[in-house]
Amino acid sequence: MLDDFRLEHLNSGVDGANVIMYAYGLRFSVTVYVERLPADAKQDMPSQRLHRSLQRLCSVGITDDEYGIVSKDIFEQVRLAGHDVILRASAQLRRGPVSPRLADHLFRPIALFELADHGDHGVLLSPGRRNKYFPTHLAHALPGAHTLGFAVDPSLPEVHVDDVVVLQTLARNPVAEHVACKVAVHGEVMFCKAESGGVAFGDSVVGKDFQTMLEIRAALANLARKGVEPPSLKVPGLRGVLRHPEEGHVIGFLRDWIDGVGLDDHDTAALPDAVCEEWDSKVLRTVSALHELDVYWGAPDDKSVIIDRSGEPWVVDFGAKVDLGFRREQADLEEGDWDDYEDSVYDQLQPLEEIVSEPLWSESDEPCSEEETEMSDVDTDEY
């Protein structure tokens, strides 16, 4: 957890400084005030050391390597001064009332701290104050968030975040500030994925999922224009795009809600073989249809197959585990889909006597994607 930090905004002057950082699952501000060092002082005070480090980061000639080194030093100074108080603030935020507004899930409040001189490392005081170096406007967009690597279908409705009501949080990644939720838009239930800093990045599971679903939408629309019968596939449709209400960058999307249960939550060993074979056949049909459209699942997983209330299997989650550095060359995408399918989905569906005859360990075993590992404490049977 201590490696998951970033500095988001900093500003300094002759008599103070402010830094906005993210760590411990919390976005917070640290303000520091400095006074002239007494003539008889034998060493700098903690506030002056932090102030000097922040000034160094603001300097024009700093190299990327030095920036990284100084950033880590700043975080270490803050950690030594206020590890416990930051943890308490983070825990308090998590225990706070759950808002039904999507905006409150994405744009979390900033905790204010102030560094005071006390001992070798100083101490963080809470609540702190906003000084003249605190930013007048704190942007959520990360650098490059306004430059998408893919086009958004102009016919896809833009939905304002204030119109999205969260019914249930299914997943949350505090570092990326990525949420997956069951939501309602004007009373209609949908599924939402969103990320406050933007989705225009190679490691954004939200962006990759959205991009692939846009490719499916475009391919089906192209077939319709040509009067060609579309292939049979069970994939939820896109319902809308979400943009930051003030900054304008794309922060997420809405798709159809599939009322059902993940394949991984089914005791398939207790089901008739005919049911598992039917599910296997239908998922294979959807994956094959996607390949016909030149679209790829990316990282098939039994958690990404939803069996709806009528027993129909749906393919979801095209995030492709990009947040874990998961990449495939273009030529390997189709073969990779089948390899992952066999290692995950097929393993879940094949009869028990076939499972026990195969090795219990496979080289293809990989950690789950972010959406699957950061699940909330709320149990859910719907996706």
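**Q** Looking at this structure, how should I read the pattern of salt bridges?
**A** Opposite charge on two side chains allows them to pair when their charged atoms are near. Evaluated as defined, the whole model comprises 17 salt bridges. Lys-132 is the salt-bridge partner of Asp-15, the closest N and O atoms lying 3.3 Å from each other. One end of the pair, Asp-15, is in the loop between β1 (6-12) and β2 (16-23); the other, Lys-132, is in the loop between β5 (123-125) and β6 (158-159), and 117 residues separate them in sequence. A salt bridge links Lys-193 to Asp-209; the shortest N-O distance between them is 2.7 Å. Taken together, the residues Lys-193 in strand β9 (residues 188-195) and Asp-209 in helix α4 (residues 205-226) connect sequence positions 16 residues apart. Residue classification places Lys-193 among the buried residues on the basis of a relative accessible area of 1%. When salt bridges that share partners are traced, they join Arg-6, Glu-8 and Arg-27 into one network.

**Q** Explain the side chain of Ser-196 here, please?
**A** On the secondary structure map, Ser-196 appears in the loop between β9 and α4. Aside from chain neighbours lying at most four places away, what touches Ser-196 is Leu-106, Phe-107, His-140, Glu-177, His-249 and Ile-251.

**Q** It is not clear to me how unusual backbone geometry should be interpreted in this structure. Could you clarify?
**A** If a residue is not glycine, its phi is most likely negative; likewise, a peptide bond is most likely trans. At His-186, a residue that is not glycine, the phi angle is positive and equals roughly 50°. Assignment of secondary structure puts His-186 in the loop between β8 (178-185) and β9.

**Q** Which parts of the structure should I look at to understand the packing of aromatic side chains?
**A** Two numbers describe a pair of aromatic rings. These are the distance of the centres and the angle of the planes. Following the criterion strictly, the structure yields five aromatic pairs and no others. Put simply, the rings of Phe-5, Tyr-24 and Phe-75 touch in pairs and so form one group of aromatic residues. A cation over an aromatic ring shows up here: Arg-6 above the ring of Tyr-22, its NZ or CZ 4.7 Å from the ring centre. Stacked on the ring of Phe-191, the Lys or Arg Arg-255 has its end atom at 3.9 Å from the ring centre.

**Q** Is there a simple way to explain the packing of helix α1 (residues 46-58) against helix α2 (residues 64-95) in this structure?
**A** When two helices pack together, their arrangement is given by the angle between the helix axes and by the axis-to-axis distance. Across the interface, α1 lies against α2 with an axial gap of 10 Å and an inter-helix angle of 155°. Of the possible angle classes, the one that applies to α1 and α2 is roughly antiparallel. Judged by the twist between their axes, the crossing of α1 over α2 is left-handed. Where α1 approaches α2, its residues Pro-46, Arg-49, Leu-50, Ser-53, Leu-54, Arg-56 and Leu-57 are matched on the opposing element by Glu-66, Tyr-67, Val-70, Ser-71, Asp-73, Ile-74 and Gln-77. Its residues assigned to classes, the contact of α1 with α2 shows seven nonpolar, three polar and four charged.

**Q** I keep staring at helix α5 (residues 273-292) and nothing clicks. Help me out?
**A** Three- or four-residue spacings in an α-helix give side chains the same orientation, since the helix completes a turn every 3.6 residues. Its 20 residues place the ends of α5 28 Å apart at the C-alpha level, agreeing with the 28 Å of an ideal helix rising 1.5 Å per residue. Listed in full, the buried residues belonging to α5 are Cys-276, Trp-279, Asp-280, Lys-282, Val-283, Thr-286, Val-287, Ala-289, Leu-290 and His-291.

**Q** Is there a simple way to think about a nonpolar patch on the surface in this case?
**A** Residues Val-165, Leu-167 and Val-189 make up a contiguous nonpolar surface patch of roughly 210 Å² in combined accessible area. Mapped onto the elements of the fold, Val-165 is located in strand β7 (residues 164-173). Val-165 gets classed as partly exposed once you look at its relative accessible area, which sits at 36%.

**Q** Just to check I follow, could you spell out the sheet that holds strand β12 (residues 260-262) for this structure?
**A** The strands that make up a sheet pair up through hydrogen bonds in the backbone, lying either parallel or antiparallel. The sheet built from three strands is open, its strands ordered β12-β13-β14 with antiparallel pairing. Unpaired on one side and paired on the other, β12 and β14 (313-315) mark the two borders of the sheet. Pairs of neighbouring strands in the sheet enclose a mean axial angle of 30°, with direction left out of account. Judged from the three bridges that link them, β12 and strand β13 (residues 305-308) form a sheet pairing that is antiparallel. Bridge pairing in β13 places Gly-262 opposite Ile-306. Sitting on the sheet, α5 is in contact with β13 and β14, with an inclination near 30° to β14.

**Q** So what exactly am I meant to see when it comes to the nonpolar core here?
**A** Looking at soluble globular proteins, one finds that nonpolar side chains tend to be buried together. If you look at the biggest cluster of nonpolar residues, it comprises 35 residues, and the most contacted ones within it are Phe-210, Trp-297 and Phe-318. For this core, the secondary-structure elements that each account for two or more residues are α4, β10 (238-243), β11 (250-256), α5, β13 and α6 (333-349). With eight residues, α4 is the largest single contributor of residues to this core. Leaving out residues up to four positions away in the same chain, Trp-297 has contacts with Val-283, Val-287, Ser-304, Val-305, Val-315, Val-316, Asp-317, Phe-318, Asp-337, Tyr-341 and Val-345.

Conventions adopted
- Residues numbered from 1 in each chain as written.
- Predicted model: local features only at pLDDT ≥ 70, side-chain atom pairs only at ≥ 80, totals over all residues.
- Heavy atoms only, no water.
- Salt bridge = Lys/Arg side-chain N within 4 Å of Asp/Glu carboxyl O.
- Helix = DSSP H or I, 4+ residues; strand = E, 2+ residues; numbered from the N terminus.
- Buried < 20%, exposed > 50% of the residue type's maximum accessible area, 1.4 Å probe, protein only.
- Contact = heavy atoms within 4.5 Å.
- Phe/Tyr/Trp six-rings, centres within 6.5 Å; stacked < 30°, edge-to-face > 60°.
- Lys NZ or Arg CZ within 6 Å of the ring centre and 35° of its normal.
- Axes fitted to C-alpha atoms, helices over the stretch in contact; angles between N-to-C directions.
- Parallel < 35°, antiparallel > 145°, perpendicular 65-115°, else oblique.
- Left-handed = near helix turned anticlockwise from the far one by under 90°.
- Nonpolar A, V, L, I, M, F, W, Y, C, P; charged D, E, K, R; others polar.
- Expected span 1.5 Å × (residues − 1).
- Patch = residues over 30% accessible without salt bridge, like charges linked within 9 Å, V, L, I, M, F, W, Y side chains within 5 Å.
- Areas by Shrake-Rupley, 256 points an atom, 1.4 Å probe, with all protein chains shown as cover.
- Pairing = 2+ DSSP bridges.
- Core = buried A, V, L, I, M, F, W, Y, C linked by side-chain atoms within 4.5 Å.

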